[in-house]
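Here are the chains, one letter per residue:
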Amino acid sequence: MTANLQGVRFDQIYADNNPQSSSEQTLDTDGDGTATQEDEFVSITNDSGAPLDVSGWQIWSDSTGYGAPDTAQDGLYHTFPPGTVLKTGQTLHIINEISGPVPPWAQEASEGGVESGSGGVSTNLLSEGNVGSHDEAIALVNPATGDYIVFNMSSDPPAIQNLPGFPGTNNVGTVDGSAVSEDPTSGVSYRYHEPTGTYRSEAASIPCFASGCRIDTPRGPVAVEALRIGDKVLTEDAGPQPVRWIGMQHLNADDLRATGQYPIEFKPGSLGPGAPTRSLQVSPQHRLLLAGLLVPARGITDLPSVRVMWGRRQVTYHHVLLSQHHVIRAEGAKTESLLPGRMFLAGRSIADQLEIMRIAGPDPKPARSCLTVGQARALVAVGDVSLSG
């Protein structure tokens, strides 16, 4: 059910970031500390096998605004600026409104507005709750050729081609999003599932400003925020292994002060020659392989060129779960994939807990012996640490 426009497909459509109850989760896409309609997005992926210049292409939204707190965007949503070239396999996010610098994996919607509350300037990608026959569709258009593809979330055929000024003349593919879900809840997107070539209603996820740590994969180092479920990462013991689940936690300044979860930075060479190859930033509990043991980062902050980043005002931590706990490489340093313990699970939604336990089992085993913070500090204090791992 994949629609393809000259090698480009829809990757993820996230239109409902307006929770109807306190139990619903929202997503802080741009990492500014708040989750609002500004954080809604659509992403596209280059599947052509070669770089593609999509300068001048457009994204259109057709929505009646049914059930939305603001008037929905009904018409042109984004025009890709000159120089927009998608590398092979690259995914680009187009976000309603971005606070601060625009990251390399995203563009701000050219027709977006500032979050304004009920009845104000539109910031909706779609209408957050359309069901049945209400108009709700997204189109990717190449105005130069008139070709376009549609992701349709209505049970009726899409009518986006009837919008005033719509430049598309030839529909080359339509995805039936209504068959996937008529009304995803907040925090859930229409997301492409590569192994089956279909779309699913899954938790929305995106790369974040504080990310950038590169994980070794069979195709070379890949930023952790660019990893997707099904991608393979290199492990020390079992070769390439597929990513089974990806999680993300954003902490703003208040969160960091309350929890003390400031990132710990390992400068290049702080863990041995070429380890890491460039700045590596991890959460305090994240473990690295030293002396053949997995030690928590906060237990080795007394090593030269290692520091707690007390000045950080926000950070986003990414979690990569494999079928088993493994030693992997991040920026050339040996570290770990996610080992989901009870404390980690306690902080996740029920749905995430069930999915993680389904993948990893109720009692996942560590890939190496794990030291406590105190044990790690004792090793550092006596200099009994082989940084080669």
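Anyway, here's the lowdown on the structure attached to this text. (Residues numbered from 1 in each chain as written. Predicted model: local features only at pLDDT ≥ 70, side-chain atom pairs only at ≥ 80, totals over all residues. Heavy atoms only, no water.)

### What about the overall build of the chain?
And step 1. Along the backbone of the chain there are four helices and 26 strands.
And step 2. Within the chain, the proportion of its 389 residues that are buried is 51%.
And step 3. Working note: accessible area of the chain is about 16,500 Å², and carbon and sulfur atoms make up 51% of it. (Helix = DSSP H or I, 4+ residues; strand = E, 2+ residues; numbered from the N terminus. Buried < 20%, exposed > 50% of the residue type's maximum accessible area, 1.4 Å probe, protein only. Areas by Shrake-Rupley, 256 points an atom, 1.4 Å probe, with all protein chains shown as cover.)

### As for the sheet that holds strand 20 (residues 280–282)
And step 1. Taken in spatial order, the three strands of this open sheet run 20-19-23, and their pairing is antiparallel. Edge positions in the open sheet fall to strand 20 and strand 23 (306–308), since each of these has one partner strand only. Sheet twist, expressed as the average angle between the axes of neighbouring strands with direction ignored, equals 20°.
And step 2. In terms of strand pairing, strand 19 (residues 264–266) meets strand 23 through three bridges, oriented antiparallel. (Pairing = 2+ DSSP bridges. Axes fitted to C-alpha atoms, helices over the stretch in contact; angles between N-to-C directions.)

### Observations concerning the side chain of Ser178
And step 1. Relative to the elements of secondary structure, Ser178 occurs in the loop between strand 11 (170–176) and strand 12 (188–193).
And step 2. For Ser178, the residues in contact, after removing those within four places along its chain, are Asn152, Met153, Ser154 and Ser155. (Contact = heavy atoms within 4.5 Å.)

### A few points about the nonpolar core
And step 1. If you look at the biggest cluster of nonpolar residues, it comprises 30 residues, and the most contacted ones within it are Ile215, Leu227, Phe266, Leu271, Leu280 and Ile300.
And step 2. It is helix 4 (residues 373–381) that provides the largest number of residues to this core, a total of three residues.
And step 3. Core analysis: the next-biggest nonpolar cluster, separate from the first, contains 26 residues, Val42, Ile44, Val54 and Ile138 among them. (Core = buried A, V, L, I, M, F, W, Y, C linked by side-chain atoms within 4.5 Å.)

### Comments concerning helix 3 (residues 350–360)
Working note: α-helix, 3.6 residues per turn, so residues spaced by three or four point in the same direction.
And step 1. Taken together, the buried positions of helix 3 are Asp352, Gln353, Ile356, Ile359 and Ala360. Along the axis of helix 3, the buried residues cluster in a sector spanning 135°; they form a single face. Those residues of helix 3 that are exposed and angled more than 90 degrees off the buried face are Ile350, Ala351, Leu354 and Arg358.
And step 2. Immediately beyond the C-terminal end of helix 3, within one or two residues, lies Gly361, with a positive phi of roughly 85°. (Arc of directions from axis to C-beta.)

### Overview of the sheet that holds strand 10 (residues 147–152)
And step 1. Spatial ordering of the open sheet is given by 5-4-9-10-11, a layout of five strands whose pairing is mixed. Two strands lie at the open edges of the sheet, namely strand 5 (75–79) and strand 11, each paired on one side alone. Between one strand axis and the next, the sheet turns by 20° as a mean value, whatever way the strands run.

### As for the environment of Met153
And step 1. Structurally, Met153 is set in the loop between strand 10 and strand 11.
And step 2. Look at Met153 and you get buried, because its relative accessible area is 2%.
And step 3. Counting along the chain gives 15 residues from Met153 to Ile138, while the straight-line C-alpha distance between them is 8.4 Å.

### Comments concerning the packing of aromatic side chains
Where two aromatic rings form a pair, the distance of their centres and the angle of their planes describe that pair.
And step 1. Applying the stated rule across the entire model yields eight aromatic pairs.
And step 2. Ring geometry for Tyr14 versus Phe41: centroids 5.6 Å apart, planes at 50°, classification tilted. With Tyr14 in strand 1 (residues 8–14) and Phe41 in strand 2 (residues 41–46), the pair connects residues that are 27 residues apart, well separated along the chain. A single burial state applies to Tyr14 and to Phe41, both of which are buried. (Phe/Tyr/Trp six-rings, centres within 6.5 Å; stacked < 30°, edge-to-face > 60°.)

### A few points about the pattern of salt bridges
And step 1. Under the counting rule described, the total for this entry stands at 14 salt bridges.
And step 2. With its nearest N and O atoms 3.2 Å apart, the salt bridge here joins Asp11 to Arg228. Taken together, the residues Asp11 in strand 1 and Arg228 in the loop between strand 15 (220–223) and strand 16 (232–235) connect sequence positions 217 residues apart. For the residue pair Asp11 and Arg228, the accessibility class agrees, reading buried in each case.
And step 3. A salt bridge links Arg214 to Glu331, with the shortest nitrogen-to-oxygen separation between them at 3.1 Å. Residue Arg214 is located in strand 14 (residues 214–217), and its partner Glu331 is located in the loop between strand 25 (327–330) and strand 26 (333–336); the two are separated by 117 residues in the primary sequence.
And step 4. Among the charged side chains, a network of salt bridges with common partners joins Arg9, Asp11, Asp47 and Arg228. (Salt bridge = Lys/Arg side-chain N within 4 Å of Asp/Glu carboxyl O.)

Such coordinate-based values are descriptive only and should not be taken to indicate function.
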